[in-house]
Each structure stands twice: as structure tokens, then as C-alpha cells.
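# Survey of secondary and tertiary structure
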Amino acid sequence: MQIASRARVVAGLLMLAALAVLGVVCVLAVIPPAPRAADAPADEFSADRAFVHVQRIGLREHPAGSAAATEVRDYIVDSLTGLGLDPQVREGIGGTSELGGQYGMADTRNVVVRIPGRAPTGTLILMAHYDSVQVSHGGNDDGAGVSTLLEIARALGTGPAPTNDVILLFTDAEEACLCGAESFVSNDPLAAGRAVVLNVESRGSTGPSVMFETSPGNADLVSVYGSAVEKPVATSLAVEVYRILPNNTDFTPFLDTGRFTGLNSAYIDGSGVYHAPEDTPQSMDRASLQHEGDNALALTRALAAADLAALSVPASGDATYFPALGGLVRYPGWLVWPLAVAALLAVLVAAWSAVRRGVAGPLRLLGGLGLATVPLIAAPLAAQGFWALLVLLRPGYANMLDPWWPGWFRAAVVALVAVVVLAWFGLLRHRIGPWPLIVGAFGLLALLGLVMAAVVPGGSYLAALPALAGALGAAATITWPGFWPRIAASLLAGVVAVTILAPTVYLFFPALGLATGAAAALFAVMLGLALLPVLDLLYPPLPRGSTTPARINSPDMGTVGQESTTSSARLSTPGPAPTGESSAEPEPEPQRHRLWAAVPALAAAAAALVFTGIGLRVDHFDADHPDPAELAYVLDSDTGQARWVSTDAHPGEWVSRYVTAPGTPADTFGLIRGPVTVGPAEPADLPAPRVTIVDDTTSGDTRTLTLKVTPQRPARLVYLGLTGAPVLGATFEGRDVPAGELADGLSVVFHAPPADGVDVTLELGTTGPVDLRVLDGADGLAGLPGFTPRPPGVGIAGSHTSEMTVVGRSYTF
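A brief structural summary. (Residues numbered from 1 in each chain as written. Predicted model: local features only at pLDDT ≥ 70, side-chain atom pairs only at ≥ 80, totals over all residues. Heavy atoms only, no water.)

### Comments concerning the overall build of the chain
Helices and strands together make up the secondary structure of the chain, namely 22 helices and 24 strands. Expected size for 813 residues packed as a compact globule is a radius of gyration near 28 Å; at 31 Å, the chain falls within 12% of this value. Its C-alpha atoms put the chain at 100 × 65 × 55 Å along the principal axes. The buried share of the chain, reckoned over its 813 residues, is 58%. Within the chain, residue pairs in contact and separated by at least 24 positions form 81% of the contacts whose partners lie at least 6 positions apart. Element-wise, carbon and sulfur atoms account for 61% of the exposed surface of the chain, whose accessible area totals about 30000 Å². Distance from the positive charge centre (46 side chains) to the negative charge centre (71 side chains) of the chain: 12 Å. (Helix = DSSP H or I, 4+ residues; strand = E, 2+ residues; numbered from the N terminus. Rg over C-alpha atoms; globule rule 2.2 N^0.38 Å. Buried < 20%, exposed > 50% of the residue type's maximum accessible area, 1.4 Å probe, protein only. Contact = heavy atoms within 4.5 Å. Areas by Shrake-Rupley, 256 points an atom, 1.4 Å probe, with all protein chains shown as cover. Lys, Arg positive; Asp, Glu negative; His and termini not counted. Charge placed at Lys NZ, Arg CZ, Asp CG, Glu CD.)

Here is the structure:
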């Protein structure tokens, strides 16, 4: 290799190393801080102090309505009382359809405490739910949120009273139907006016606390968040994505009313424990708890002193924001379109400069733009193919969002993206030249920025800003092709791209999991395209006879000048040299060129293989990190037939002993949502819920039927369904079902039913007989005929229907 070529590669490697260090720094900036000990200053949040609450909350499963939930609720009340506060338990019936499927209702018990302000301008509500799913201890979800609120209550008590009223709300039945939150916003006097809401959640066991959802018109609240929080982790793209996804939390009922503004935060990595028996206090990363608590306490203090009369009203628009080196970059939403257009204009300037300086013709530039779509599509597809391969090697992964230890696999996906980008660039730069590919890549990013500005404006910055910086750097390099101008322009553009996109890649891996690794791969390939000016330095100068030889004149390529051998002042392609400058540098032989061009992609491929091998060795199923398997049991008392049911996408060996064929909604009475696999089961001696008529009257063509639905066993829920007759109105425990939910008949799940049964009143548009389907659901498969415990290494899948036994019966009245 000649001196100029060596200088070129050394410069490229040094720049990549510097950008890699920057990427690590950017990722470390969003890593949770170390947990503070129990002897931390009293006015600070201490994860160790809060963890004492987590240990008590996560002792055992505590779904809504259970005796264990009552114990957790009593503990919360006692803890608040011990702080000198006056908590109250508010009973109410909540109802929503936010979780999909049937309309959900619940008999709820919220814990509410008000800390009065000195001169309130409004109300701040801090919220977390204290119930768990039926198979989970809820150590993280939402023991983290409950313990955070309790520790904040303690910390607030060490100083003067806040300016504004602060309400701590511990909701019931979030996992069931968000019904505690809905009951509060619909029935509680404290929710009658406007307020700002902070919801504290968890969807895993580790990772930074991400502020992932906001109310519409979030600019003012995001400004407070960015100023108050010491370690902000938030991106406006997450808000856009969450608004699209069918996911909801207790924050949703507040947003639905239109009376509240607010922010929603959670740590989301370590999803293997989510809703699973492994969600114990011991699984919690206390650094994540510290981050969640630090952010929530800082926000509470800032908002408790702010003008909530203004902040409780939506701002004129949303902000664009993202984490950068420990801070939060933010700008008003109205700048989204100007920046996106500016990026496109910068690309056009770079393209004009390329044509004017003779480094690329218009047709090749258009070709580069089209070819840039290849890695943009291929890399996400490769990521999904990688996950398919992992599932083939470890079938249990098919039922998981992420493996238990996903870190090495995530690194393998990034390396795989690098293989795609480097192989694409290495193959094509020799054919059409580097500048058409580079300018085309920035053009594609600019077009993506415009599309995102129209569809998900809060995410446009991910493409527009790297395209803007890169295109300006490309134009500068083409116009002033010296060594140092190119280094400076490429490095500065790379800094912009890495600062913006590296944390995004890191955060989106746990957000959507390796099961949807294409999302993180998409942002990784965008970063790769933005770094093409730096990556080009890893490749050899183009030889004579290539697509960019010295002084070729053509209507497509224009005139390309040779490069000087004084590489200390100028690098070889893709920087044009002044006219008349010649090169004495011997060009690499074509075979050597091809081998050299293959080295970067081969190195990335080797890294991907190494990371995958380490990942397969590190990640494994065992008793503490089991292969999740879901199983439920459904008994039809009318026919005496029973079925085993599983929602596992690919039932494992143990589940396959029970389920054998695809099922239909009728196999589960429609209670278990999604595709299911079923198999025959031996009928168990389980009593069906009893329905008795309390009152039955008619008036003209209308019949009013009052019923008492009483489970005959300890049931977590009951279901009532009625079709074939018009349902004009329905009331459960005194709470009306919205008319819109009755358009196709009655389909209601009532969670945490009272011990003496559920009072139901139906107003029917018929005086004739009606058929009513009634179900109840209880937890636990042990003791059922034909059931054998899971073997070691096979665990209970985290879901709302795992281990559930359903008994149904039809009534005609």
C-alpha cells in the first residue's frame, strides 16, 4: 500500500474511532445513575430507601380484588400515614375499552392523598398503580412506581410545603382495564378541574427511565422536563410511535378527558420479567429505580412551583426533542418543516457542486439516490432474518419480545447492519463512484425527513438533521477538496449523526425488542448512510480504468481531475483536485482493489458472528430465566367439554402436550384474545357462575331485567355476553355501560367482582326471551385433571390469561 493510501486509511480509522468513542459517550449519557444509599441526604431520592417499599409490595402476586392487593393497599395507607399525611381509600366502579376486546369494568379502591400547596395555581397529580397481573409479583410493574411516589412523599416532607397542590394517586385495576384511573377521572372530586399528571411506570427490570408519552401540545411541559431533570432521556419520536401503537397505561383515561396535560415515564429494558413470575424485587436494577425517582422528584419540585394554570392547558404545539450528551435538545414543532426543507436544499447544493466540479453527473447522482434505498430496506430485513434464525436455534424466543440477555445479540444486529452498508458501498463505489452514493444517501435521508415531517413530525429530526449536516459537509468537501477541509467537514457531519442516532438505536432495541429488531436496524442504517464520507476513507483510491478515472469526459460523469500525491494536504477520492494537477501514485491492481474493498464488510461480518456466538453462549434458559409457556383451561358447563388453550406463537414441547390445533374465538368464548392453539381436556368439577333474576319488568316493547351474577368459586373476573336482541342500556354495580359499547350487543368483563356478586341491570329492546352467556375466570391450573407441572427451565408466560381457568354457562331468561 502506498503512503497516500495508508494516510487515507489511517485517517478514516482514526475518525471512526473518534466517532465510536462519541457514540459510547452518547449512550453512557442515557445510562441510569448509580443508586443512592439509604443514608443519602433526606431531601434526595434514594433507591435503597425506596427499595424497602418494593420488597414489601412485591412479596407475592396481588391482582385487583385479591387479598394480597388489600395488603399492599393497607401498606401504602400506613406508609403515608406514617409520614404525617392523611390518605383516603376511594371506592368506585371504573370502565374502559382501552385495552381492546370486551368493555372492561372493575370495582376499584384507589388510594389518594393531597399535599396542600401554600399558594396554588393548580394541581399536580403523581400516579402509579399498585396492582399486579395474576402471575406476577409486580416488583417492577408497578412496585417501582409505587415506591417512587412513597419516597417522593417522604422527600417533600423534609422541606417547606409546595406552592401548588400535589396529589399522590395510587390506582387500582390498571392491569385489568385501567379502571382505577378511569374511576378517578370520572368520579373523584379531586379530578374535577384541570391538572398536570405525571405517571410512573415500568415495563421491564432495567434501563433508563424514558419519558415516552406526553399529552398533545407538549412544548411547555417538555421545556420544564428538559430544564428540571438532571439526566433526561426522552425523544419526540417515542411520543409519535406510542400514539400509533395500541398500547395504553393509566395515563390514557386522563388524556381521553381532554382536561389534563402530563408526561408518562417508565424504564423498559429487561422485558423478560414483564408480567411474569420473575418480576420480583430481586430482579430490579436499583439504578433504574434511582433514575426513575430522580426524574420524578425533580419534575415534582419544578411543577409544584410552576404556574400550573398555564401548564395544565396544552401549548400551541408539540416540541421536537432528543437526548444529547446528558442534555435534552429541543426546539418548537414549527421548525420541523423548515429544517426538513433545508436538508433537501443542502442536498441539492451538494449535487450541484458535484456536477459543477465534475465528480458526478446528474444521472449517476439519481442512480445513487435510488441505490441508497437498497441498504435502507435490506438492513431491517436482515435484522428480522437474524431474529428468525435465533428463533430457529432457540424456539422459546418466539414467545418473547427479547431474550433474557439481549446485549450481544443487539451488537450482532448493529454489526449486521454494518455488513449491509459496507458491502453495498464497497461493491458499488467502484462501479459508479463514491460521490453519487454519498450524495444519494443524503438525498434519501432528506426525503425521509420530509416524509416523517408529514407522518410523524416528532421523528423528522432523525433524518433531516444528519442529512442537513452531511450534505453541507459534502458540498464543502467537493468545493474545497483539500485534506483538512474534508477531514473537518466529514468529522463534523459525523458528530451530528452519531449524537442524534446512536442513542436512538440504543433506546429502540428494548423499546420494540429484537422480535422487531428492524426498527433499531432502520436507525442504525440511517447512521451508516450518514457516515459514508468517513467510511469511504477505508477503501482504496479508485484505479485507472474504473468509473472515475483521471480526466474522463462524458455527459454523465463530467470531468474528473486526478489527485496529487501530496496526500498530507489532500486525500484521494472522493475529493476532486484542481485542474491540471496530476498524480504519480501507482493505482492498486484491480484484484487487489477488490480484496481491499471487501475487508470492511468482512470485518463487520466477523464481528456479527462473534457477537452472535457469545450471545448464544451467554443467553440460556434456566430455572431463574425460563422458557415462557402460556396455558389456560376453558370448560363449557353446557356441553361438559373442556379445552386447553395457549396463545403462544410457537408452542414448545411442554405446551404441545396439551394443545394440538389452531383454535377459534368460540373455543375461548371470546374471552382470550388473539390467535390461539387448543387441545382437548378432561372436564373438571368446577362450578359455573350463578345468575339469578332480581327483577323483571316490561313497558311497551322494552324489558328491564335486573340480575345478580355470583361466581361460585374465587373468581378474578366475570363476563356477560348477550347477542340476538337489542340492548338499549346496561348498568353494572350502578355504573352505566356507554351506549357505543352496546351497538353489537352486550360484551362486558367485570374484574374484581364483589364477594356477594355483581348487580346488573339490562334494558332490552324486546319482551321475548334472551340468551345470556356468563363466564368467570380464576387463577391456577394445579389440581386440574391431566395437568402436570412445568419441567425445570419452562416457566409461566407473562400475560393476563396465563394459568387462568374459565368456566362458562348459558342462561335463557
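### Thoughts on the side chain of Asp 619
Locating Asp 619 in the fold gives a position in the loop between helix H21 (590-618) and strand S10 (627-629). Arg 394 is the oppositely charged side chain nearest to the buried, salt-bridge-free Asp 619, at an N-O distance of 4.1 Å. A distance of 3.0 Å separates a polar side-chain atom of Asp 619 from the backbone nitrogen of Trp 404. Here the side chain of Asp 619 touches Trp 405 through a polar contact of 2.6 Å, landing on its backbone nitrogen. Once residues within four sequence positions are removed from consideration, Asp 619 is found in contact with Arg 394, Tyr 397, Pro 403, Trp 404, Trp 405 and Phe 409. (Salt bridge = Lys/Arg side-chain N within 4 Å of Asp/Glu carboxyl O. Polar contact = N/O pair within 3.5 Å; in protein donor to acceptor, adjacent residues only side chain to side chain.)

### Here's the deal with helix H2 (residues 47-57)
For H2, the full list of buried residues reads Ala 47, Arg 49, Ala 50, Phe 51, His 53, Val 54 and Ile 57. For H2, the secondary structure elements touched by its buried residues are helix H3 (67-82), helix H4 (143-156) and helix H10 (286-304).

### Considering the pattern of salt bridges
Considering all chains together, one arrives at 25 salt bridges under this definition. In this structure, Arg 8 engages Asp 536 in a salt bridge whose closest nitrogen and oxygen atoms are separated by 3.0 Å. Taken together, the residues Arg 8 in helix H1 (residues 3-28) and Asp 536 in the loop between helix H20 (532-535) and H21 connect sequence positions 528 residues apart. Each member of the pair, Arg 8 together with Asp 536, is buried. Ionic pairing is found between Arg 36 and Glu 44, a salt bridge with its closest N-O pair at 3.4 Å.

### Comments concerning helix H16 (residues 434-455)
Every α-helical turn comprises 3.6 residues, leaving residues that sit three or four positions apart pointing alike. Counted at 1.5 Å a residue, the expected span for H16 with its 22 residues is 32 Å, and the 31 Å between its end C-alpha atoms agrees. Across the 22 residues of H16, 17 count as buried, placing the element largely inside the fold. (Expected span 1.5 Å × (residues − 1).)

### Observations concerning a nonpolar patch on the surface
Together, Trp 337, Val 341, Leu 345 and Leu 348 give the surface a local cluster of nonpolar side chains, amounting to about 390 Å² of exposed area. Within the element layout of this structure, Leu 345 appears in helix H12 (residues 336-357). (Patch = residues over 30% accessible without salt bridge, like charges linked within 9 Å, V, L, I, M, F, W, Y side chains within 5 Å.)

### Here's the deal with the side chain of Thr 235
Relative to the elements of secondary structure, Thr 235 occurs in the loop between helix H7 (219-228) and helix H8 (236-244). Since its relative accessible area comes to 5%, Thr 235 is described here as buried. Among the polar contacts listed, one links the side chain of Thr 235 to the side chain of Tyr 461, at a separation of 2.6 Å. Thr 235 has contacts with Met 211, Tyr 321, Phe 322, Pro 323 and Tyr 461, leaving out every residue within four places of it along the chain.

### Some points on the environment of Arg 286
Structurally, Arg 286 can be placed in helix H10. In this structure, the C-alpha to C-alpha distance between Arg 286 and Asp 48, residues 238 residues apart in sequence, is 7.5 Å. Beyond its immediate sequence surroundings of up to four residues, Arg 286 is in contact with Pro 35, Ala 47, Asp 48 and Phe 51.

### Some points on the nonpolar core
Of all hydrophobic cores here, the largest spans 99 residues; its most connected members are Trp 424, Phe 442, Tyr 461, Leu 462, Phe 523, Met 526 and Leu 532. Ignoring any residue separated from it by four or fewer positions in sequence, one finds Leu 532 in contact with Val 421, Trp 424, Phe 425, Leu 437, Ile 438 and Ala 441. Residues Leu 150, Val 222, Tyr 225 and Leu 289 belong to the second largest nonpolar core, which totals 57 residues. (Core = buried A, V, L, I, M, F, W, Y, C linked by side-chain atoms within 4.5 Å.)

### Quick look at the sheet that holds strand S16 (residues 702-710)
As summarised here, the arrangement of the 5 strands in space is S15-S16-S21-S18-S19, forming an open sheet in which the pairing is antiparallel. Because the sheet does not close on itself, it has two edges, and the strands there are strand S15 (690-699) and strand S19 (735-736). The pairing of strand S18 (residues 727-732) with S19 spans 2 bridges and is antiparallel. For Thr 731, the partnering residue across the bridge sits in S19 and is Asp 736. (Pairing = 2+ DSSP bridges.)

### Quick notes on the pairing of strand S7 (residues 260-269)
Among the 10 residues that make up S7, 10 are buried, leaving the element largely enclosed by the rest of the structure. The side-chain alternation of S7 yields two buried faces, one formed by Phe 260, Gly 262, Asn 264, Ala 266 and Ile 268 and the other by Thr 261, Leu 263, Ser 265, Tyr 267 and Asp 269. Note that strand S5 (residues 195-202) and S7 share 8 bridges and pair parallel. Across the sheet, Asn 199 pairs through a bridge with Asn 264, a residue of S7. In this structure, strand S6 (residues 206-214) lies alongside S7, joined through 6 bridges in antiparallel fashion. Note that in S7 the partner of Thr 214 across the bridge is Leu 263.

### Observations concerning the packing of aromatic side chains
In total, this model carries 21 aromatic pairs according to the counting rule given. Their ring planes at 35° and their centres at 6.3 Å tell us that Trp 644 and Phe 787 sit as a pair that is tilted. Taken as a pair, Trp 644 in strand S12 (residues 641-646) and Phe 787 in the loop between strand S22 (771-779) and strand S23 (794-796) lie far apart in primary sequence, 143 residues in all. Of the two residues, Trp 644 and Phe 787, neither departs from the other in class, the shared state being buried. Here the aromatic cluster, defined as three or more aromatic residues joined through ring pairs, consists of Phe 386, Trp 387, Tyr 397, Phe 409 and Phe 621. (Phe/Tyr/Trp six-rings, centres within 6.5 Å; stacked < 30°, edge-to-face > 60°.)

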